[in-house]
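Fold and contact review
Chain residues, written in single-letter form:
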Amino acid sequence: LNEKIQWVGEVSPEQSVPIEKVVELMKNAKVFLMTVNQDEPFGLVMAEAGSCGTPIIAFKRGSVSEIVVDGLTGFVVEPSGGVEGLKKALDKIQNIDRKACREHVKENFTIEKMVENYEELYKQLL
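The structure displayed is predicted, hence computed values, not measured ones.

Brief notes about the layout of surface pockets
Leftover empty space is mapped by rolling, across the atoms, a probe with the size of a water molecule. By volume, the largest pocket amounts to about 1,400 Å³. Along the wall of the largest pocket there are 32 residues; nearest its centre are I5, Q6, A29, V31 and F32. Contributing elements (two or more residues each) for the lining of the largest pocket: α1 (19-28), β1 (32-34), α2 (44-51) and α4 (82-90). Broken down by element, the lining of the largest pocket gets its largest block of residues, five residues, from α1.

Comments concerning the nonpolar core
Counting residues in each nonpolar core, the largest one holds 14 residues, and the members touching the most others are F32, M34, M46, I56 and A58. Looking at this core, the elements that each hand over two or more residues are β1, α2, β2 (56-59) and α3 (64-67). What M46 contacts, discounting residues up to four positions off in sequence, is F32, M34, I56, A58, S63, V64, I67 and V68. Core analysis: the next-biggest nonpolar cluster, separate from the first, contains ten residues, I57, V77, L86 and I96 among them.

Focus on the pattern of salt bridges
As enumerated under the stated definition, the model contains four salt bridges in all. Of the charged contacts, one joins E78 and K60 as a salt bridge, the two residues approaching to 3.7 Å between their closest N and O atoms. Pair noted here: E78 is in the loop between β3 (74-77) and α4 and K60 is in the loop between β2 and α3, with a separation of 18 residues, a long-range link. For E78, a relative accessible area of 45% gives the class partly exposed. Using a relative accessible area of 44% as the deciding quantity, one classes K60 as partly exposed. Among the salt bridges present, the one from E84 reaches K87, with a minimum N-O distance of 3.3 Å. Of this pair, E84 and K87 both sit in helix α4, three residues apart, which is roughly one turn of the helix. For E84, a relative accessible area of 46% gives the class partly exposed. What makes K87 partly exposed here is its relative accessible area of 45%.

Conventions adopted
- Residues numbered from 1 in each chain as written.
- Predicted model: local features only at pLDDT ≥ 70, side-chain atom pairs only at ≥ 80, totals over all residues.
- Heavy atoms only, no water.
- 1 Å grid on protein atoms, 1.4 Å probe; cavity = no way out; pocket = protein on both sides within 12 Å on 5 of 7 lines; lining within 4 Å.
- Points joined across faces, edges and corners; volume = space filled by probe spheres on them.
- Helix = DSSP H or I, 4+ residues; strand = E, 2+ residues; numbered from the N terminus.
- Core = buried A, V, L, I, M, F, W, Y, C linked by side-chain atoms within 4.5 Å.
- Buried < 20%, exposed > 50% of the residue type's maximum accessible area, 1.4 Å probe, protein only.
- Contact = heavy atoms within 4.5 Å.
- Salt bridge = Lys/Arg side-chain N within 4 Å of Asp/Glu carboxyl O.

Rendered as structure tokens:
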């Protein structure tokens, strides 16, 4: 896209880029932009980015506020702020500790933690 932003892989229903390459790209990225325009129930890609220590900037839609801790693991931007809101957040991205991103995922979104949370919810419902 320019000398700093590179498009890797084609959009397709299959994984066109080897998983090792995806991990390398995510862990070396300055930031992961989540510009979803719908209320996604769970943004797995955000948890994946965070597990690589990559800060996230995302529009406040769907599960974004459950996954991104504003000011700690990235920034949550009001959709009405548009691209300008994303740019303002990007100007502050150096304040995000990449270790905090990874720790947040380890504490909240591992398979074990997710199973534990579902089991607790089921117990409450029963």
